[in-house]
Amino acid sequence: MKKTLLQTLFLLTLVTLSATAQFCFSPQQPQADQVVSFTYSPQTTPLATDSTLEGRYVRYGAPNMMRISQPTTVTLVRQGNDYVGRVYLPKKDVAGTMLYFRNSTLPKRTDLNKGQFYIIPVWDAAGRIVPHATGGQASVFTRTHLPAEAGFRPDQTWVITLLEHELAQNPDLRPQYWYDLLAARIKQRKPGYGPQVKSAIESYLASRPEPSPAELADAARLYESMGDFAKVKALRERRKSVEPAGALVQKDRAMAIRTEPNWAKKKLAYAAFSKEFPTSTHLPALTIMMTDDYYKQNDITGMMAFVGQQPDSFVDAGMLNTIAFKMADERRSVPEAEQLTKRALAVLKNQAKPTDVSGDWATEKQKRQRQLMNTYARTLEQQGKYAEAYTAYQAMLTPDTVNENEPRTIERYFQCALRTNHGNEALPVIEEAVQLDKATKSLKAALHDWYAKQPGNTVAKADAYLKDLEADVVADKRDEMQQKLINEPAPAFSLTDLKGRTISTSAMKGKVVVLDFWATWCGPCIASFPAMQQAQTRFKNDPDVRFLFVNTREGGPVQRVYNFMDKHPYDFVVPLDGQQKVANAYKVQGIPTKVVIGPNGRVRYRSIGYNGDPEATVDELALVVEMLKDGK
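Attention in this report is confined to the structure presented alongside it.

Considerations on the packing of aromatic side chains
Throughout the structure, instances matching the rule amount to 31 aromatic pairs. Considering the side-chain rings of Phe117 and Phe141, the 5.6 Å spacing of their centres and the 15 degrees angle between planes classify their relative orientation as stacked. Within this pair, whereas Phe117 is found in the loop between β8 (110–111) and β9 (118–121), its partner Phe141 is found in helix α3 (residues 135–143), the two being separated by 24 residues in sequence. Both residues of the pair, Phe117 and Phe141, belong to the buried class. Here Trp518 and Phe529 contribute two aromatic rings whose centre-to-centre distance is 5.1 Å and whose plane-to-plane angle is 70 degrees, an arrangement assigned as edge-to-face. Here Phe529 lies in helix α22 (residues 523–538) and Trp518 lies in strand β13 (residues 512–518), a separation of 11 residues in the sequence. The burial state of Trp518 is the same as that of Phe529; both residues are buried. Taken together through their ring pairs, the aromatic side chains of Phe23, Phe25, Phe38, Tyr40, Phe101 and Tyr118 make up a single cluster.

Put into C-alpha cells, the structure is as follows:
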C-alpha cells in the first residue's frame, strides 16, 4: 500500500497495528458508507486462552459529534485460531472506529491493545485519511464511556500525542481541539504545566478576533481546573458582555430570583425574566418555584391567577397535588384546591415521560393519577360533595389497589360510601383493607357499626364478622410477636406508690403485669403516656391485668412526681423507685422501658424507647397481654 506522508504519520500512532498481525481489516482504505471486515488474532494477546470473545466499539468523529459514540457490541465468528467481524461506517460525521476485545462471559478479561485500542480509520476517495481520524481517537479517550467500560484510565501522554498529530496535519481544526489538548496537559501534570497552559489559553484567545461564548466558557473551565478562580470570574464577566442574553446571564438572573428574599421584588424579577427570556430553559423551574412561593406566602388568589396563566409544560402536577391536598386537609380555600387538582389531572393526562422517570411511564402515570384522584376526592369531601367524592374514590380504589393506598384514604372512602348509601358497594374494598391490615381503628369501628345495623344482624354477629376478617392478620402478628417474647426471671420487689400504698409482686401472682419505667424529665416517657393510658383503659375491667408506672431515675425531689401527676389526668398507679433498685433488677438501660411479666412470674417482653406512634404502641402491648393471658 502506497503511503503518503500523512498516512505514515497516522500509522506511527498505531504502533501495534503495524508491528503485529493480530488485527487487520478490509478494504485497506475504508471509506464512509462501507462495511469493513476485520480479522482479530488473539494468540499473542491477553485473550490467547479465551474462547468466548466479543468486540466492543465506538465510531468517532469531530469532538462536537461524539454523541454518536455509544459503546456497541460486534459479534465475532471464529475461523480456526482467528475471529472475524464486520462494522459499518456511516455516510457522514465518522472519521473512524475504535475497538477492543473481551471475554463475553468474563467482561473484565480484555485486550485493549496496550491502552490504545484497535483503529479502523476512514479514508477519502483520493486515498487520504480524513480529518479527525487521529484527533477523534483522543476524543474517545476524553469524551466517551468506552475507557471506563473497559476498565482503564487513558494515558494522557498518548492523548496529547494524538491531538498534536491531528493539529500538525490539520491546523485549521485547532478551534475544535485546543481545549482537549490543554485539558490533557493539565491532567498530565508535567512539571511547569501551569504557566505553560495559562500562556497557551491567553495565546489562543488572543488569536481569535472575537472569542465565542463557548470558547470563553472552555477557557474558564481550564482555569477552574487549575484553581485560578480570579481568571474564572473575569472570563465569566467577559462572556456575559459578549452574550448579554446568553446562557450564563440567564443562569445568574435565575439564581438571583431564587435567592431574592423580598417577595415583591421576587415577583418583579420573575416577570422581567419571563418577558426577556420566554424560551429560557430556566423558566419552567422558576415558574414551579414561584407557584410554591405563592402558596407559602398564603397568596391563594395570586397563586390561582399565576397558575392559570402558565402553559402545561410549566406546571408541576405533583406540586399542585401536594399544595391542593394540604389546602383541602386544612379546610383552607377548598374550592381553589379542587381547581388546582383538576388542572394537575389535565396536565398529567397529556404529559410525556419525564427525564427523571427510569421505569415504565404508563405504570408510573397510573400511580400519579391515583394520587391526584385521592386529592380530588378529598377536596370534594371537604365541601360536602360526598356523592362526587365517592365516585372519585372509586376511580382510584379497588380491591387490587388497596395495598397502594393509605389507611386514612380507605377510611375516608368508606365514610363517603356510608353517607351516600353505598356501603354494600364499597364492602369488597373495606374487607380487603381489614384483611391486609390497612384499616384504621376508626374504619373498623365504622364497619362494625354499619354491619351490626344491617337487616338480620346483631352486635354479636358484627363482632364475629370483624374477628373473622382479622383472623389472618392477628395470627401473623402473634407469630411475629412470639419471636420477640423473652423468658427471664422477674425479680421480686416491694415499693410505695404516690398514695402511700405498698405495691409488691407477691400481691400480683397469676396476673399479667405491665411495668412502665419513667421520669418527669424524660420527654419520650411523657409523650408515650396518652398511648399508655389507652392501653390501660383497654384492660381496666380485667382483674388479671395490672399496669404500674414505676418512677425511677428521677434525680430530684420526689415532689416533682406528685406535682406532675396532679397536673395531668392520668389514673396511673405510680410506685416510686428512688434508689433505682427495681430498674436495675429489671435491666432497664434507658427510659422509657416497658416490661411485661406473665402470669407465671417470668419477664416475657421488654421494649426501650417510644416510636411516636400511639396506635402501634397500644396494639403491640395489647397483643402481648392477650397472648400471655392465653398462656403463650
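Alright, that's what it looks like, and here's the rest.
So, the state of the cysteines
Under the counting rule described, the total for this entry stands at one disulfide. Each sulfur of the disulfide joining Cys522 and Cys525 lies 2.3 Å from the other. On the S-S bond that ties Cys522 to Cys525, the torsion sits near 80 degrees, and the link is right-handed. The class of Cys522 is buried, set by a relative accessible area of 3%. Judged by its relative accessible area of 1%, Cys525 is buried.

Quick look at the sheet that holds strand β1 (residues 23–26)
Taken in spatial order, the four strands make up an open sheet running β1-β2-β6-β5, and their pairing is antiparallel. Sheet topology places β1 and β5 (77–79) at the edges, where each strand pairs with a single neighbour. Geometrically, the sheet is characterised by an average inter-axis angle of 30 degrees between neighbouring strands, direction not taken into account. Inspection of the sheet shows β1 paired to strand β2 (residues 34–40) by four bridges, in the antiparallel sense. Across the sheet, Ser26 pairs through a bridge with Ser37, a residue of β2.

Observations concerning the pattern of salt bridges
When charged atoms on two side chains of opposite charge get close, those side chains can pair. Evaluation of the coordinates by the stated rule reveals 38 salt bridges. Where Lys231 meets Glu202, a salt bridge forms, and the shortest distance between an N and an O atom there is 3.8 Å. Of this pair, Lys231 sits in helix α9 (residues 229–242) while Glu202 sits in helix α7 (residues 193–207); the two residues are 29 residues apart in sequence, bridging distant segments of the chain. With a shortest N-O distance of 2.3 Å, Lys441 and Asp619 are connected by a salt bridge. Taken together, the residues Lys441 in helix α20 (residues 441–452) and Asp619 in helix α25 (residues 614–629) connect sequence positions 178 residues apart. For Lys441, a relative accessible area of 33% translates into the label partly exposed. Bridged by salt links that share partners, the residues Glu54, Arg56, Arg102 and Glu149 form one connected network.

Reading the values: the criteria
Residues numbered from 1 in each chain as written. Predicted model: local features only at pLDDT ≥ 70, side-chain atom pairs only at ≥ 80, totals over all residues. Heavy atoms only, no water. Phe/Tyr/Trp six-rings, centres within 6.5 Å; stacked < 30°, edge-to-face > 60°. Helix = DSSP H or I, 4+ residues; strand = E, 2+ residues; numbered from the N terminus. Buried < 20%, exposed > 50% of the residue type's maximum accessible area, 1.4 Å probe, protein only. Disulfide = S-S within 2.5 Å. Pairing = 2+ DSSP bridges. Axes fitted to C-alpha atoms, helices over the stretch in contact; angles between N-to-C directions. Salt bridge = Lys/Arg side-chain N within 4 Å of Asp/Glu carboxyl O.

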